[in-house]
Amino acid sequence: MFTHVMDYRLISLNIALILLVMGAGDLLAQNIVSNSGFEIGKVFARLTDAKGFRGKMPEEWYDQKEGGAEAKVILTDKEAHSGKRFLFIEHKNDDGYINPNKKIKIEPGDYTFCFWAKSDKEIEFSAELYCETDWSILVGESCNLKSNIWTRFEFPTSFLKTFPASIQIGLRVKGRLWLDDVELIRRKEVKKIVNIQGF
């Protein structure tokens, strides 16, 4: 009887040690993009520029037009993927590039660049992450959407130093794009200390 009890305790101890090794490191995820779901900001404003109607942007985000793009980026609340608000991007010609722009600070580590997007037709758009010190492209992805389906895009990436960066997701062709939950998630391993008491 005593031998069986000791065998049981040894088996239990071995199982505990195996679980300790397997769970020695947990991955914690931290999204470093503030207002990533566009929930902070005024949804509607009657502002006018030379190109016509423009709405307001969510707080800490900016719109950027290049190369003759006739386009708009506005905060709205009609068809969000999550929460109540999302960004609506419309490019009215095939010139230049229109995109929302978000400034962030990158620390060394492993990341996942991810977001949700939708369009009312099949369309190609760009998802880019720039280094603001020299404007080199750190992540440059061409993404394709089918019509009227919220789709998650996800791109792993790693960085070795600290620097200011810019997230830009937008259109180089005529069309419309819905955008929500733009995140840059830093993954880091945290060691656990487990106290195993004797039997």
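Residues numbered from 1 in each chain as written. Predicted model: local features only at pLDDT ≥ 70, side-chain atom pairs only at ≥ 80, totals over all residues. Heavy atoms only, no water.

Draft legend 1. Just the nonpolar core, in detail. Membership of the largest hydrophobic core comes to 36 residues, with the highest contact counts inside it found for Phe-113, Phe-115, Phe-125, Ile-169 and Val-182. Take this core: its biggest share by element is 5 residues, from strand β9 (residues 123–131). Judged by nonpolar contacts, the second largest core, of 5 residues, contains Ile-74, Phe-86, Phe-88 and Trp-150. (Core = buried A, V, L, I, M, F, W, Y, C linked by side-chain atoms within 4.5 Å. Buried < 20%, exposed > 50% of the residue type's maximum accessible area, 1.4 Å probe, protein only. Helix = DSSP H or I, 4+ residues; strand = E, 2+ residues; numbered from the N terminus.)

Draft legend 2. Representation of the pattern of salt bridges within the structure. With the rule as written, the count across this model stands at 7 salt bridges. Between Lys-72 and Glu-90 there is a salt bridge, with the nearest N and O atoms lying 3.6 Å from each other. With Lys-72 in strand β5 (residues 71–76) and Glu-90 in strand β6 (residues 86–91), this residue pair connects regions lying 18 residues apart in the sequence. Given a relative accessible area of 15%, Lys-72 falls into the buried group. By relative accessible area, which is 18% here, Glu-90 ends up buried. In this structure, Arg-152 and Glu-154 form a salt bridge, with 3.0 Å as the shortest nitrogen-oxygen distance. Of the residues examined, Glu-154 reaches a relative accessible area of 46% and is grouped as partly exposed. (Salt bridge = Lys/Arg side-chain N within 4 Å of Asp/Glu carboxyl O.)

Draft legend 3. Representation of the environment of Phe-86 in the model. Examined against the element boundaries, Phe-86 turns out to sit in strand β6. Taking the C-alpha atoms as reference points, Phe-86 and Val-182, 96 residues apart in sequence, are found 9.9 Å from one another. In this structure Phe-86 touches Phe-38, Ile-74, Leu-75, Thr-76, Asp-77, Lys-78, Glu-79, Ala-80, Trp-178, Leu-179 and Asp-180, once residues within four positions along its chain are discounted. (Contact = heavy atoms within 4.5 Å.)

Draft legend 4. Examining the confidence of the model for the chain more closely. Confidence in the prediction for the chain averages 81 pLDDT; 75% of positions are at 70 or higher. Long-range and interchain partners of residues 191–199, a stretch whose pLDDT sits below 50, account for 12 contacts in this model, where long-range means more than four residues apart. (pLDDT = per-residue confidence, 0-100.)

Draft legend 5. Unusual backbone geometry, seen in detail. With a phi close to 50°, Asn-35 is a non-glycine residue in the positive phi region. Note that Asn-35 resides in the loop between β1 (25–31) and β2 (47–49). The backbone of Phe-38 sits at a positive phi, close to 60°, despite the residue not being glycine. By the element assignment, Phe-38 lies in the loop between β1 and β2. With relative accessibility at 0%, the residue Phe-38 sits in the buried group.

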